[in-house]
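Okay, here's what each chain looks like letter by letter:
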Amino acid sequence: MSTAAPRTAGPDHLWSVDEHLDDILATVRPLEPIELHLLDAQGCVLVEDITVPVSLPPFDNSSMDGYAVRVADVAGASEQYPAALEVVGDVAAGQADLLHVGPGQAARIMTGAPLPPGAETVVPVEWTDGGLGEGPVTGMRAGSLDPEGATGQVRVHRPAEARAHVRAKGSDVKAGDRALAAGTVLGPPQISLLAAIGRGTVRVRPRPRVVVLSTGSELVQPDEELRSGQIYDSNSFALTAAARDAGAIAYRVGAVADDATTLRDTIEDQLVRADLMVTTGGVSVGAYDVVKEALSYAADEDEPGSGVEFRKLAMQPGKPQGFGSIGPDHTPLLALPGNPVSSYVSFELFVRPAIRTLMGLTDVHRPRARAKLTADRALTSPRGRRQFLRARYTDGTVTPVGGAGSHLVAALAQADALIVVPEDAESVAPGTEVEVVLLG
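Read on for an overview of the structure. (Residues numbered from 1 in each chain as written. Predicted model: local features only at pLDDT ≥ 70, side-chain atom pairs only at ≥ 80, totals over all residues. Heavy atoms only, no water.)

## A closer look at the overall build of the protein
A count of helices and strands for the protein gives eight helices and 29 strands. Here the C-alpha atoms of the protein give a radius of gyration of 32 Å, more than 25% beyond the 22 Å that 2.2 N^0.38 yields for 440 residues. Dimensions of the protein along its principal axes, counting C-alpha atoms only, are 95 × 55 × 45 Å. Out of the 440 residues in the protein, the part that is buried amounts to 47%. Nonlocal contacts in the protein, meaning residues at least 24 apart in sequence, comprise 71% of its contacts between residues at least 6 apart. With 38 positive and 56 negative side-chain charges, the protein shows a separation of 4 Å between the mean positions of the two kinds. (Helix = DSSP H or I, 4+ residues; strand = E, 2+ residues; numbered from the N terminus. Rg over C-alpha atoms; globule rule 2.2 N^0.38 Å. Buried < 20%, exposed > 50% of the residue type's maximum accessible area, 1.4 Å probe, protein only. Contact = heavy atoms within 4.5 Å. Lys, Arg positive; Asp, Glu negative; His and termini not counted. Charge placed at Lys NZ, Arg CZ, Asp CG, Glu CD.)

The structure is reproduced here in structure tokens:
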């Protein structure tokens, strides 16, 4: 079960932004942990500490292609007076049966190969004649082309200190160390570490499956021809991309026409692949606001405890909002406004934290900062509403982009922050320090 019952309030209650968000986060529950193979766990959150079962590296090994030798045998070596050593064989990466390096001997060794018994250090091949009896070489020939290189004599032109060019056992992590802590989001470096210590599966909270659908008979898919009164459906693309950016597996559903029965059927069909449903449009007070018509019910007789409540929030943009749960599994549903800016701002404030909560993260919010407002004129805001204005944030300053209209998509594409104007402010003068939500 992923949700508890949301709060309810009277139809005239004006919810604050914080009340609405608190209700969402108090209702949504993290998904149950599952065991996944490493690549399937990318982007998921660990639910347990991972302890290192074997040290990394698990043995002393060479960090260079060269020769494993004893320190005393190369002391004082130079190009004029090289140390001549007997080559007793090759040591390759993955080799189990190791040679023994005795006094006056050397083993040709490859990067990653175990340091053989008796050897104390590694001299890079560039410090030697490579067994050719001439000056310094730049590399080794392939073993298949030069099998003789594993025998004979090599001249070393420089001395080496003890354990030079040797990766010590456990120098990365030691057996018993904590490799990763519970709560870690698994990215490529973490997947690499898990594989390196021999973990093929991990216990994680899965990435939430989020279904996004937009409503409106006026919506047309991109690449299709626009007719009179029609617009392209951008909200479903924006919110699906935003859900993926938040860490979810997101599915976009084509726009649903303004028909309550069709919408309800579509939502019910999508529940099989949803941990969270997000709709956009149809939540205001118009005669064709079908989301409100289809989902405004206190409870379903077949689904006790379910229901979606539509609210008015003291914010701009994004006053109309809906929240509740639907279906037999009480899948949470957030209904967002249809204007593009209102929809996106609402996603950042409410849906993104819900997704991050489902993932099991503790830090679910976008980072915030204080910044000095740079603008040509004072910003105005309606008293009693918390306003969120699109802006560009640079080095502690923030500049508004676009106007206050909730349809201005082009300005939204230029924004990387939201200026927060509190409910009790009607004007914010240039130079004032303001709170800023950083969008990444």
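There is more to say, and it comes next.
## Here's the deal with the packing of helix 1 (residues 17-27) against helix 7 (residues 340-359)
The interhelical angle for the contact between helix 1 and helix 7, taken along N-to-C directions, is 25°, at an axis separation of 10 Å. Between helix 1 and helix 7, the angle falls in the class roughly parallel. Our pair here, helix 1 against helix 7, has a crossing hand that is right-handed. Contacts between helix 1 and helix 7 pair Val-17, His-20, Leu-21, Ile-24 and Leu-25 from the former with Leu-349, Phe-350, Pro-353, Ala-354 and Thr-357 from the latter. Looking at the contact of helix 1 with helix 7 residue by residue, the classes come out as eight nonpolar, two polar and no charged. (Axes fitted to C-alpha atoms, helices over the stretch in contact; angles between N-to-C directions. Parallel < 35°, antiparallel > 145°, perpendicular 65-115°, else oblique. Left-handed = near helix turned anticlockwise from the far one by under 90°. Nonpolar A, V, L, I, M, F, W, Y, C, P; charged D, E, K, R; others polar.)

## A word on the packing of helix 4 (residues 235-246) against helix 7
At a minimum axis distance of 9 Å, the contact between helix 4 and helix 7 shows a crossing angle of 30°. As far as their axial angle goes, helix 7 and helix 4 are roughly parallel. The two elements helix 4 and helix 7 meet at a crossing, and its hand is right-handed. Here helix 4 contributes Asn-235, Leu-239, Ala-242, Ala-243, Asp-245 and Ala-246 to the contact with helix 7, which in turn contributes Pro-340, Ser-343, Tyr-344, Phe-347, Arg-352, Ile-355, Arg-356 and Met-359. In the contact of helix 4 with helix 7, the residues fall into nine nonpolar, two polar and three charged.

## Side note on unusual backbone geometry
The omega torsion of the bond from Leu-56 to Pro-57 falls at -15°, within 30 degrees of zero and hence cis. Backbone torsion omega between Gln-316 and Pro-317 reads -5°, so that peptide bond is classified as cis. Relative to the elements of secondary structure, Pro-317 occurs in the loop between strand 20 (315-316) and strand 21 (320-326). Positive phi values are uncommon outside glycine, yet His-165 reaches one of about 60°. Looking at where His-165 falls in the secondary structure, it is placed in the loop between strand 10 (153-156) and strand 11 (166-167). At Asp-395, a position not held by glycine, the phi torsion is positive, near 45°. By the element assignment, Asp-395 lies in the loop between strand 25 (386-394) and strand 26 (397-400). Residue class for Asp-395 comes out exposed when judged on its relative accessible area of 76%.

## Points about helix 4
With 12 residues, helix 4 extends 16 Å from end C-alpha to end C-alpha; this agrees with the ideal 16 Å at 1.5 Å per step. Taken together, the buried positions of helix 4 are Asn-235, Ser-236, Leu-239, Thr-240, Ala-242, Ala-243 and Ala-246. Along the long axis of helix 4, the arc covered by the buried residues comes to 160°, so they all point the same way. With respect to the buried face of helix 4, the exposed residues turned more than 90 degrees away are Arg-244 and Asp-245. As for helix 4, its buried residues are in contact with strand 14 (209-215), strand 17 (249-256), strand 18 (276-280), strand 22 (331-336) and helix 7. (Expected span 1.5 Å × (residues − 1). Arc of directions from axis to C-beta.)

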